[in-house]
Amino acid sequence: QVQLVESGGGLVQPGGSLRLSCAASGSIFSIGAMRWYRQAPGKQRELVAVITRGGSTNYVDSVKGRFTISRDNAKNTMYLQMNSLKPEDTAVYYCNADQALMAYWGKGTLVTVSS
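A.B. asks: A description of unusual backbone geometry should follow, citing residues and the corresponding values.
C.D. replies: Despite not being glycine, A100 has its phi angle at roughly 50°, a positive value. Among the secondary structure elements, A100 is positioned in the loop between β9 (91–99) and β10 (102–105). Its identity is not glycine, yet L101 carries a phi of approximately 65°, on the positive side. In this structure, L101 sits in the loop between β9 and β10. Classification of L101 as exposed rests on a relative accessible area of 91%.

Structural data, given as structure tokens:
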């Protein structure tokens, strides 16, 4: 079993920045790809960014150039640096990780972008 805990959400003005963290614990050996998803009110959950264990990354078009995903395998932690935030980035952000053919999810952290 892997436990994932997100942190770093909050209220920020448009144009501001936040850094989300996802800490993994439990049976954390050989965690593979990790992802950030988000779900805005009334919308389906969408994949925001993914990072492989080796560090390869990919992003949804709407966040390219503004968000950066990274991970520290020694600390079992993944990050999402979010810059130039827009109101449409408002959502609950979820951490997801693959391990031993299983997918694990955190409970989410709320990001609100509003003036």
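A.B. asks: So, the sheet that holds strand β1 (residues 2–7): which residues are in play, and what are the values?
C.D. replies: The pairing of strands in a sheet comes from backbone hydrogen bonds and takes either a parallel or an antiparallel form. What the four strands build is an open sheet, ordered β1-β3-β8-β7; its pairing is antiparallel. Across the chains shown, the open sheet's two edge strands, defined by having one partner strand only, are β1 and β7 (67–72). When the angles between neighbouring strand axes are averaged without regard to direction, this sheet yields 15°. Of the pairings in the sheet, the one linking β1 to strand β3 (residues 18–26) comprises six bridges and is antiparallel in character. Residue pairing for β3: E6 is matched across the bridge by C22.

A.B. asks: Talk me through the state of the cysteines; I want residue IDs and the actual numbers.
C.D. replies: Applying the stated criterion across every chain, the model contains one disulfide. Disulfide pairing is shown between C22 and C95; the S-S distance is 1.9 Å. The S-S bond linking C22 to C95 shows a torsion near -65°; that makes this disulfide left-handed. Taken together, the positions of C22 in strand β3 and C95 in strand β9 put the pair 73 residues apart, joining distant regions of the chain. Per residue, the accessibility class of C22 equals that of C95, and both read buried.

A.B. asks: Tell me what's going on with the nonpolar core, and back it up with residues and numbers.
C.D. replies: Note on soluble globular proteins: their nonpolar side chains tend to be buried together. If you look at the biggest cluster of nonpolar residues, it comprises 29 residues, and the most contacted ones within it are W36, L80, M82 and Y93. Those elements that provide at least two residues to this core are β1, β3, β4 (34–39), β5 (46–51), β7, β8 (77–82), β9 and β11 (109–113). Residues within four places of M82 in sequence aside, it is in contact with G16, S17, L18, L20, R66, F67, Y93 and V111.

A.B. asks: Break down the pairing of β10 for me, citing the residues and quoting the values.
C.D. replies: Bridge analysis of β9 against β10 gives four bridges, and the strand direction is antiparallel. Bridge assignment links D98 to a residue of β10, and that residue is A103. Where β9 folds back on β10, the antiparallel hairpin that results is connected by two residues, among which A100 adopts a positive phi of roughly 50°.

A.B. asks: Give a description of the pairing of β11 that names residues and reports values.
C.D. replies: On β11, burial follows the alternation: T109, V111 and V113 on one face are buried, whereas L110 and T112 on the facing-out side are not. Both strand β2 (residues 10–12) and β11 contribute to a ladder of three bridges, which runs parallel. Directly across from L11, in β11, lies its bridge partner T112. Relative to β11, β9 runs antiparallel, the two being bridged by three bridges. Bridge assignment links V92 to a residue of β11, and that residue is L110.

Basis of the calculations
- Residues numbered from 1 in each chain as written.
- Predicted model: local features only at pLDDT ≥ 70, side-chain atom pairs only at ≥ 80, totals over all residues.
- Heavy atoms only, no water.
- Helix = DSSP H or I, 4+ residues; strand = E, 2+ residues; numbered from the N terminus.
- Buried < 20%, exposed > 50% of the residue type's maximum accessible area, 1.4 Å probe, protein only.
- Pairing = 2+ DSSP bridges.
- Axes fitted to C-alpha atoms, helices over the stretch in contact; angles between N-to-C directions.
- Disulfide = S-S within 2.5 Å.
- Core = buried A, V, L, I, M, F, W, Y, C linked by side-chain atoms within 4.5 Å.
- Contact = heavy atoms within 4.5 Å.

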